[in-house]
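Architecture and fold: a report
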Amino acid sequence: MDASAQTSTVLRLTAIIESAPTAMVMVDDHGRIVLLNRAAETLFGYAREELLGQAIEVLVPRRFRGQHPSLRSGYFAAPVPRPMGAGRDLFGLRKDGSEVPVEIGLNPIPSAEGLFVLSAIVDITERKQLEAALRQANEQLEARVQERTAQLARQAQALERSNQELQQFAYIASHDLQSPLRTISGFSQLLQSEYGGVLSEQADDWIERIVQATQQMQTLINDVLEYSRIGTHARPFRPVPFGEVLRDTLALLDGSIRDLGAVVTWDELPVVTGDRSQLVQVMQNLISNALKYHGSETPRIHVSAGRTDDEWVIGVRDNGIGIDPRHHERIFEIFRRLHNQRDYPGTGIGLAVCSRVVYRHGGRIWVESQPGQGSTFFFTIPVSHGDESVRKQTG
């Protein structure tokens, strides 16, 4: 390349550097500044004449200045283009003594006069401020999350203690009510047997009401005890053939099934993981309800079983009187009854027991029903390792 062409190339390069929006500084192999643009003047606060011929270390913070010459010499010994960033925290020093965080890209430029290095320098103050603000926001968020998590843990512990205390209270209260109630029941039955028909008709009616009320109270206390035992008398989960659960249930309800001539059928039933006695409680409540609310037809009850990816779904279908959809969720509330005591005796605890047992097993329970079209109660039990289907069975 002749002198005029070389001069032209230098002029074009100088024009490009001067018009660049990024600060550009060129140094020679001695580390002296030989070229800079207007953006570099603005970034560092120097006039161009103040920097030309100066060592590049004038733009390096004093805390890094001692090691910079050796780093510069090492780069000149093995010059390769270096992109900006590369995970380093770099700083420049302004004329007023303030430091500015920067990213620097290096590009070696060989020439007839020797090797030059062109530095592109970007002020990243705003980015650092945003990063700091983001870190602070993340730290505050993490602190709030930890605080909220700790608060929820405390609330969960308090709720657990409250539930345990409530269960214990219900058990003790119900148990302690048994003795005086047995006394009332015993003496009222003695009155009925000894003086029935002897006193006035009004007296006979009063005695009969006392006997019925004590019987209802006894049933209610027994149901409350059953409800409280779900948490206090729970047993460890084990593999349970659900066919055996159904067998035990049908044995407990054999008298009612025979009296009504009910027909009970079932699908192939799985082995599930759970508390066998509590699963019998669930099935006993569901099937006894199907028998109680049977309507005018012969009761027909079918127990189904299916599996999704992660849970067993057990269904109990009947052909009874059905349930209005607006009551589908309310019926699982404790003491919730949809019928009067005279037509359908009970305490309204049975389905609450079912709900609580299913919840303890990690499942859910619901009903699908329409008035006059029967009901199907479904509940789920999570599938555990080792669960498998077994042949249709009753034990």
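This is a predicted model, so every value here is computed, not measured. (Residues numbered from 1 in each chain as written. Predicted model: local features only at pLDDT ≥ 70, side-chain atom pairs only at ≥ 80, totals over all residues. Heavy atoms only, no water.)

1. So, the confidence of the model for the protein chain
The share of residues in the protein chain with pLDDT of 70 or more is 82%, and the mean pLDDT across the chain is 82. Segment residues 389-395 is flagged for pLDDT under 50; beyond a separation of four residues in sequence, or across chains, it makes 22 contacts in the model. (pLDDT = per-residue confidence, 0-100. Contact = heavy atoms within 4.5 Å.)

2. Things to note about the packing of helix H10 (residues 276-292) against helix H11 (residues 350-360)
Here H10 crosses H11 at 145°, and the two axes come no closer than 9 Å. By crossing handedness, the relation of H10 to H11 is classed as left-handed. Across from Gln278, Gln281, Val282, Asn285, Leu286 and Asn289 in H10, the residues of H11 making contact are Gly350, Leu351, Val353, Cys354, Val357, Val358 and Arg360. Of the residues in the contact of H10 with H11, the class split is seven nonpolar, five polar and one charged. (Axes fitted to C-alpha atoms, helices over the stretch in contact; angles between N-to-C directions. Helix = DSSP H or I, 4+ residues; strand = E, 2+ residues; numbered from the N terminus. Left-handed = near helix turned anticlockwise from the far one by under 90°. Nonpolar A, V, L, I, M, F, W, Y, C, P; charged D, E, K, R; others polar.)

3. What to know about the environment of Asp267
Within the element layout of this structure, Asp267 appears in the loop between strand S7 (263-266) and strand S8 (271-274). Here Asp267 falls in the partly exposed class, since its relative accessible area comes to 28%. Along the chain, Asp267 and His302 lie 35 residues apart, while their C-alpha atoms are 7.9 Å from each other. (Buried < 20%, exposed > 50% of the residue type's maximum accessible area, 1.4 Å probe, protein only.)

4. Points about H11
When we look at burial in H11, the residues that qualify are Leu351, Ala352, Val353, Cys354, Arg356, Val357 and Val358. After H11 finishes, the residue Gly362 shows a positive phi value of roughly 80°.

5. With respect to the pattern of salt bridges
Taken as a whole and judged by the stated rule, the model has 18 salt bridges. Measuring nitrogen to oxygen at the nearest pair gives 3.2 Å for the salt bridge that ties Asp205 to Arg209. Of this pair, Asp205 and Arg209 both sit in helix H7 (residues 201-232), four residues apart, roughly one helical turn. In this structure, Arg276 and Asp248 form a salt bridge, with 2.9 Å as the shortest nitrogen-oxygen distance. Remark: Asp248 occurs in helix H8 (residues 242-252) and Arg276 occurs in helix H10; sequence separation between them is 28 residues. The exposure class of Arg276 is partly exposed, given its relative accessible area of 30%. Here the salt bridges do not stand alone but share partners, grouping Glu18, Arg38, Glu41 and Arg48 into one network. (Salt bridge = Lys/Arg side-chain N within 4 Å of Asp/Glu carboxyl O.)

6. Structural notes on H8
Considered for burial, the residues of H8 that qualify are Phe242, Gly243, Val245, Leu246, Thr249 and Leu250. When H8 is viewed along its axis, its buried side chains cluster within an angular range of 155° and face the same direction. Within H8, the exposed residues directed more than 90 degrees away from the buried face are Ala251 and Leu252. (Arc of directions from axis to C-beta.)

7. Section: the packing of aromatic side chains
Where two aromatic rings form a pair, the distance of their centres and the angle of their planes describe that pair. Tallying each qualifying case throughout the model produces three aromatic pairs. Each ring, one from Phe64 and one from Phe91, has its centre 6.5 Å from the other, and the planes form 15°; the classification is stacked. With a gap of 27 residues between them, Phe64 in helix H4 (residues 62-65) and Phe91 in strand S3 (residues 90-93) connect regions that are remote in the sequence. Overall, Phe91 belongs to the partly exposed group, its relative accessible area being 29%. Look at Phe242 and Phe379: their rings are 6.3 Å apart centre to centre, the planes differ by 45°, and that puts the pair in the tilted class. Taken as a pair, Phe242 in helix H8 and Phe379 in strand S12 (residues 375-382) lie far apart in primary sequence, 137 residues in all. Across the pair, exposure class does not vary: Phe242 and Phe379 are buried alike. Positioned above the aromatic ring of Phe91, the side-chain terminus of Arg63 is 5.0 Å from the ring centre. If you follow Arg307 out to its NZ or CZ, it ends over the ring of Trp312, 5.2 Å from the centre. (Phe/Tyr/Trp six-rings, centres within 6.5 Å; stacked < 30°, edge-to-face > 60°. Lys NZ or Arg CZ within 6 Å of the ring centre and 35° of its normal.)

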